[in-house]
Structures are given as structure tokens and as C-alpha cells.
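Read off the chains here:
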Amino acid sequence: MTAANVWGISGNWAEVYHACFVPFMIAPWAERVLALAALQPGQRLLDVACGTGAVTHQAARIAGPTGQVVGLDISPEALAVARSVDGPAGGAIIEWREGSVDSLPYADGSFDAVTCQLGLMFFSDRVAALREMRRVLAPGGRLALMTWGARERCPGQVAVTQIWVRHLGADQANNWTAMHSLSDPVQVRRLLEEAGFAQIEAQTEVGNVHFASPQALVRGVGALKNDVVEAPVVAALCADADELLKPYCSAAGLDYPIEAVLARASQPVGG
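A.B. asks: It is not clear to me how the pattern of salt bridges should be interpreted in this structure. Could you clarify?
C.D. replies: One pass over the structure, following the stated rule, counts 10 salt bridges. Among the salt bridges present, the one from R135 reaches E132, with a minimum N-O distance of 2.7 Å. Within this pair, R135 and its partner E132 are both found in helix α7 (residues 126-135), separated by three residues, close to a single helical turn. With a shortest N-O distance of 3.1 Å, E201 and R264 are connected by a salt bridge. Note that E201 is positioned in strand β6 (residues 198-211) and R264 in strand β8 (residues 253-266), a separation of 63 residues in sequence. For R264, a relative accessible area of 33% translates into the label partly exposed.

Structural data, given as C-alpha cells:
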């Protein structure tokens, strides 16, 4: 039995991510990230590690037809999904670009704003990545970024980690460790300082994650990770998730809090 069949969800990782996680866990934060970027109509924005475009599409609406919006990601699978989504009516035409934050394919000072939602914690050299983002910002340009907060303050992640360790082993639960590896706003502020940014602010905020049920969360995680397991294991994971997340369930589904670090900074006017 294939992983897709056993979890009841089909598609590559980017399609699963976009269908199962973006609407319920990622997109609700896009408005907050763009508020920090202070994007105005007619301005130029680069969305680094754009994924399937949660922030990028909203940025195009704000920038409007005279603006310029670029979504850049290293993954062709993610960009294929992003291109398949209709952009906002009357918004900027989005340029989808495959590329790496290690060497952004743009000249110095090309953008008024740069955003990076949920990418920084995965970069191998975080300071170098931030320096590249600063390089492409115009003097006075704004950076807005987001990372996930502490895992222990995200009940869904705590539950999934516990049941994956219980049934599949600790090695199969490591994804959550990387996801929450940049959860301290003090650390984020220090990285921004080292990268040469000015007017730095970083703080934690709390949002809400909504899934139809704990089982929807479990099946989405399994399909995203492409874990190949037998049907009885899926049933056991789902049963454990139902029990652990029962306090967060209602007739409306599963709702639990999640913490994030939101930060903004600017390119010094002197460059």
C-alpha cells in the first residue's frame, strides 16, 4: 500500500502542504506578516521561501496593478502549486522564480519590502541569508519575517510528536524539532543585528490552528512526510490524537493555539 493511499490523501508534498496545511495553519498569519512589511500600492516586494504562495498572493492584492511582486523558492514543486492558484483580481502580476536565498538573483536595492514566512529556521546559514535579503532592499526598505514559536506552546505539535515517537520512533518525529528551532525572539533579534539591519523588533504572538478533526491533522502530517506504514498504525495514531487533543475539540472541529515569532527590521538609509 502506498503512503498516499494509507493516509487517504494524494499528491506530492507541495500539493499536500497546500491543501492540508496552508488554509488552516499558514495563511491566517500572512496578513500579520504583510502588516509588518507595511507594503503600499505600487511598491516592490520579494517573498523569500514563498512556498505555495500564502504571503505572495496577498501581497499582490496590496501592491495592486502598478506594483511588483516576486515569489522565490528553491522548490519547483512548491512553485508549480503556487502558479496554479489564481492571483487576486486587480492585483500585481506575480513573478514566480526558482532560486536560493544563498544568492538572490536581483541587484542591490531592488525591492521596497522583503518577506520570509517560515523559512529562516531551515536556512543553513541564517545570517548570510538575512544579509542577502538586506542587500536587495532599497534604503529604508522593510523586512518582515516569521518563525514558529516554542513547540511546547503548540498543543497540536506536542501531540503529534508524542504519538509519532510512540508508534514510529524518535527518528520519525524530528521534523517538528527543525520547525521550532528558531522560537526565541531574542535569538531572532540577534541574527538581524548581525546581518546589519536597523530598527529591529521581534516578539511572540499567538494564533489559532483549525483542522476538521485530530485525524485530519494526523493524516495530513503522515501524507506530508510520506511515511509508509500499515493501516493499523494509522488507526492507532488517529486514536491517540483523538484522546490527546480532546480538550481542543468541539462540534466545529479541532482548534488549538500556536505561537509564532514575528519580526521586522529595515535597511539602514545609508545602506
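A.B. asks: I'm lost on the environment of L254 in this one. Help?
C.D. replies: Relative to the assigned elements, L254 resides in strand β8. Given a relative accessible area of 0%, L254 falls into the buried group. Spatially, the C-alpha atom of L254 lies 13 Å from that of Q157, the residues being 97 residues apart in sequence.

A.B. asks: Looking at this structure, how should I read the packing of aromatic side chains?
C.D. replies: The geometry of an aromatic ring pair comes down to the distance between the two centres and the angle between the two planes. This model, assessed by the stated rule, comprises six aromatic pairs. Geometrically, the ring pair formed by W7 and W164 is stacked, given 6.0 Å between the ring centres and 15° between the ring planes. With W7 in helix α1 (residues 3-7) and W164 in helix α8 (residues 155-168), this residue pair connects regions lying 157 residues apart in the sequence. The burial state of W7 is the same as that of W164; both residues are buried. Between the aromatic rings of F24 and F211, the centroid separation amounts to 5.9 Å while the plane-to-plane angle is 45°, which identifies the pairing as tilted. Here F211 lies in strand β6 and F24 lies in helix α3 (residues 22-26), a separation of 187 residues in the sequence. Looking at F24, the relative accessible area reads 32%, which means it is partly exposed. Chaining the aromatic ring pairs together yields one cluster made of F21, F24 and F211. Over the face of the ring belonging to W29 we find R32, whose NZ or CZ atom lies 4.2 Å from the ring centre.

A.B. asks: What should I look at first to understand the pairing of strand β2 (residues 68-73) in this one?
C.D. replies: Regular strands show a simple pattern: their side chains alternate between the two faces of the sheet. Counting buried positions along β2 yields five of six residues, so the element is predominantly enclosed. Where strand β1 (residues 44-48) meets β2, five bridges bridge the pair, whose relative direction is parallel. When the bridges of β2 are listed, L45 appears paired with V69. Since β1 and β2 lie parallel, the crossover through helix α5 (residues 54-63) that links them has a hand, and here it is right-handed.

A.B. asks: Is there a simple way to explain the side chain of S75 in this structure?
C.D. replies: Mapped onto the secondary structure, S75 falls in the loop between β2 and α6 (76-84). From its side chain, S75 meets the backbone nitrogen of A78 in a polar contact 3.1 Å long.

A.B. asks: What is the right way to read the nonpolar core from this model?
C.D. replies: One broad trend across soluble globular proteins is that nonpolar side chains are buried collectively. With 90 residues, the main nonpolar core has L46, L130, M133, W148 and L192 as its most contacted residues. If one sorts the elements of this core by residue count, β8 sits on top with eight residues.

A.B. asks: What exactly am I supposed to notice about the packing of α7 against helix α10 (residues 185-194) here?
C.D. replies: Packed helices, taken two at a time, are described by their axes: the angle between them and the distance between them. Interaxial distance between α7 and α10 falls to 8 Å at its minimum, and their mutual angle equals 60°. Between α7 and α10, the angle falls in the class oblique. Seen from above, α7 lies across α10 with right-handed handedness. On α10, the residues that touch R126, V127, L130 and R131 of α7 are Q187, L191, L192 and E194.

A.B. asks: It is not clear to me how the layout of surface pockets should be interpreted in this structure. Could you clarify?
C.D. replies: Empty space left among the atoms is revealed by rolling a probe the size of a water molecule over them. Of the voids in this model, the largest pocket is the one considered here, and its volume is about 1000 Å³. In terms of lining residues, the largest pocket is bounded by 39 residues, among which W13, Y17, L118, G119 and F122 are the most central. The element contributing the most residues to the lining of the largest pocket is helix α9 (residues 175-179), with four residues. Tallied by class, the residues present in the lining of the largest pocket amount to 25 nonpolar, nine polar and five charged.

A.B. asks: What is the right way to read the side chain of E132 from this model?
C.D. replies: Under the relative-accessibility criterion, E132 is labelled buried at 13%. Here R135 takes part through its side chain, which lies 2.7 Å from a polar atom of the side chain of E132. The contacts of E132, once residues within four sequence positions are left out, are V101, D102, S103 and L104.

A.B. asks: Explain α7 here, please?
C.D. replies: Turn by turn, an α-helix covers 3.6 residues, leaving residues three or four places apart pointing in a common direction. Most of α7 is tucked away: seven of the 10 residues are buried. Every buried residue belonging to α7 is among R126, V127, A129, L130, E132, M133 and R134, and all of these are buried. Considering only its buried residues, α7 is in contact with β1, β4 (111-117), β5 (137-148) and α10.

Conventions we followed
Residues numbered from 1 in each chain as written. Predicted model: local features only at pLDDT ≥ 70, side-chain atom pairs only at ≥ 80, totals over all residues. Heavy atoms only, no water. Salt bridge = Lys/Arg side-chain N within 4 Å of Asp/Glu carboxyl O. Helix = DSSP H or I, 4+ residues; strand = E, 2+ residues; numbered from the N terminus. Buried < 20%, exposed > 50% of the residue type's maximum accessible area, 1.4 Å probe, protein only. Phe/Tyr/Trp six-rings, centres within 6.5 Å; stacked < 30°, edge-to-face > 60°. Lys NZ or Arg CZ within 6 Å of the ring centre and 35° of its normal. Pairing = 2+ DSSP bridges. Right-handed = clockwise from strand over helix to strand, strands pointing away. Polar contact = N/O pair within 3.5 Å; in protein donor to acceptor, adjacent residues only side chain to side chain. Core = buried A, V, L, I, M, F, W, Y, C linked by side-chain atoms within 4.5 Å. Axes fitted to C-alpha atoms, helices over the stretch in contact; angles between N-to-C directions. Parallel < 35°, antiparallel > 145°, perpendicular 65-115°, else oblique. Left-handed = near helix turned anticlockwise from the far one by under 90°. Contact = heavy atoms within 4.5 Å. 1 Å grid on protein atoms, 1.4 Å probe; cavity = no way out; pocket = protein on both sides within 12 Å on 5 of 7 lines; lining within 4 Å. Points joined across faces, edges and corners; volume = space filled by probe spheres on them. Nonpolar A, V, L, I, M, F, W, Y, C, P; charged D, E, K, R; others polar.

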